[in-house]
Amino acid sequence: MKWLQSYPREVKIFLVASLISSMGGSLMWPLVTMYVFKILGRTVTDAGLVLLVMSLGGIAGQVLGGSLYHKLGVKKLIVGGTLLNAVFLVLLPVGSSNWHLFIALMGMVGFFNAMSMPAIQAFIGFRFAERRAELFNVIYVANNIGVALGTALSGFLAQISYHMSFILNGTTSAAFAVFFWIYLNRVQKDEGPLHLQKRKQAPEGLGAKLLLGNVSIYLFIGMGSFFLWFGNCIWNNGVSPYTISQGMPEWNYSILWTLNGLLIFVGQPFVLWIKRTFAGSSESQLTASAIFYFLGYVTILTLHNYPGMVLAMILTTFGEMLISPAIPAFISDRSGKAAPFYLGVVGGMGVAGRVVGPYAMGMLFDWNGLIPVAWLAMGTAVLSVSFFLVHARVNREARLSLGSD
């Protein structure tokens, strides 16, 4: 691939490691609701409760990981978080025989998986500052090639053994931890102590209270993320049980996520055209993203059949392609060494949407099927568009104020 030739060797190795890690993760997550609903014989509300607990763990992991970045150092956060995530993933088949233990293990998986995310994003932003926006997008694409490969296998593996998906996910998480341990040790050996290492003071010499006072960086983008990921729970807690209730095999659902991963790769020219034509700044990319999500949910509501779900997945995938690189790029550009803190806060707000979404949508689905779930998703998309518009307005005024000074 010619587009890879312009990157240094360490970036290429990083991309391969990210791809393998995301492939393992995607083996499991599309199937969580199916596993609880079909194998454990629980309701969709119970499945939503599992995802709620996992998401609560994710909020704590995101915020704590961002806050501890400069105190513990990048290596302890990334290697420790991914390794412990692997341990709890492998333990899931054991815990599945006890409902409460299974929920607790899912909470730990959510916590340790999320704890490393702000550290990885901040590490990329610091180490490759000149090309960070471009690299965030390239790594996002590599991750989703892994998603395409993993989801292509997930439905078929589920028919053999759901537990196999858990174990394979844990194995790839462990491999990712080993990769980072070797990679970061080599970077330290070649370059000496990095600015990424332990610091006793808060970033930029500021405490958390003062950092939280800068609401233009995190508040509106975080609220937009909250409602966007709230609405996106429709796939696990609306579409997934709907396909089962209609008698469709598991692979029909996993194909939707395979389409998601493939489209993220082949749809890059279209998204680049959107960025050049309509959405040149990260702020406008966020608003465009939420509009695509809204159109996807309208499609589910009006068609609510499998072809409609395919079209909805295409639309929401374009939304995902716009938002996922834009958030870390905006925060890294605007907040300097405080980026890990803000990445953790915004990431935690986004995960909070995944806390509320599964349980609310699970109850709606148990009450009256897919239609009320789709209405709720549309409402959250409208709120997401509104907050991203406010975010764009506030930051446009901040730039103009800085320019006038």
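Residues numbered from 1 in each chain as written. Predicted model: local features only at pLDDT ≥ 70, side-chain atom pairs only at ≥ 80, totals over all residues. Heavy atoms only, no water.

Participant: Requested: an account of the overall build of the protein, with residues and values cited.
Facilitator: Across its full length, the protein carries 17 helices and zero strands. Counting only residues that meet the buried cut, the protein has 57% of its 405 residues in that class. Within the protein, contacts between residues at least 6 apart in sequence are counted, and of these 86% link residues at least 24 apart. A total accessible area of about 16500 Å² is found for the protein, and carbon and sulfur atoms account for 69% of it. (Helix = DSSP H or I, 4+ residues; strand = E, 2+ residues; numbered from the N terminus. Buried < 20%, exposed > 50% of the residue type's maximum accessible area, 1.4 Å probe, protein only. Contact = heavy atoms within 4.5 Å. Areas by Shrake-Rupley, 256 points an atom, 1.4 Å probe, with all protein chains shown as cover.)

Participant: An account of the packing of aromatic side chains is requested, with residue identities and associated values reported.
Facilitator: The full count for this structure, using the stated rule, is 21 aromatic pairs. Where Phe180 meets Tyr183, the ring centres are 6.3 Å apart and the plane angle is 75 degrees; that geometry is what we call edge-to-face. Placement of the pair is Phe180 and Tyr183 together in helix 8 (residues 162–191), with a separation of three residues, close to one helical turn. Judged by its relative accessible area of 0%, Phe180 falls in the buried class. Judged by centre distance (6.1 Å) and plane angle (25 degrees), the ring pair of Phe270 and Trp273 falls under stacked. Of this pair, Phe270 and Trp273 both sit in helix 13 (residues 268–277), three residues apart, which is roughly one turn of that helix. What links up through ring pairs into an aromatic cluster is the set Phe270, Trp273, Phe278, Phe292 and Phe318. Over the aromatic face of Trp99 sits the side chain of Arg42, whose NZ or CZ is 4.1 Å from the ring centroid. (Phe/Tyr/Trp six-rings, centres within 6.5 Å; stacked < 30°, edge-to-face > 60°. Lys NZ or Arg CZ within 6 Å of the ring centre and 35° of its normal.)

Participant: Explain helix 14 (residues 282–303) to me, using residue names and the numbers behind them.
Facilitator: Look at helix 14: 32 Å from first C-alpha to last across 22 residues, which is about the 32 Å you get at 1.5 Å a residue. The first or second residue beyond helix 14 is His304, which carries a positive phi of 35 degrees. (Expected span 1.5 Å × (residues − 1).)

Participant: Any details on the pattern of salt bridges? Residues and values, ideally.
Facilitator: One pass over the structure, following the stated rule, counts one salt bridge. Measuring nitrogen to oxygen at the nearest pair gives 4.0 Å for the salt bridge that ties Asp46 to Arg42. (Salt bridge = Lys/Arg side-chain N within 4 Å of Asp/Glu carboxyl O.)

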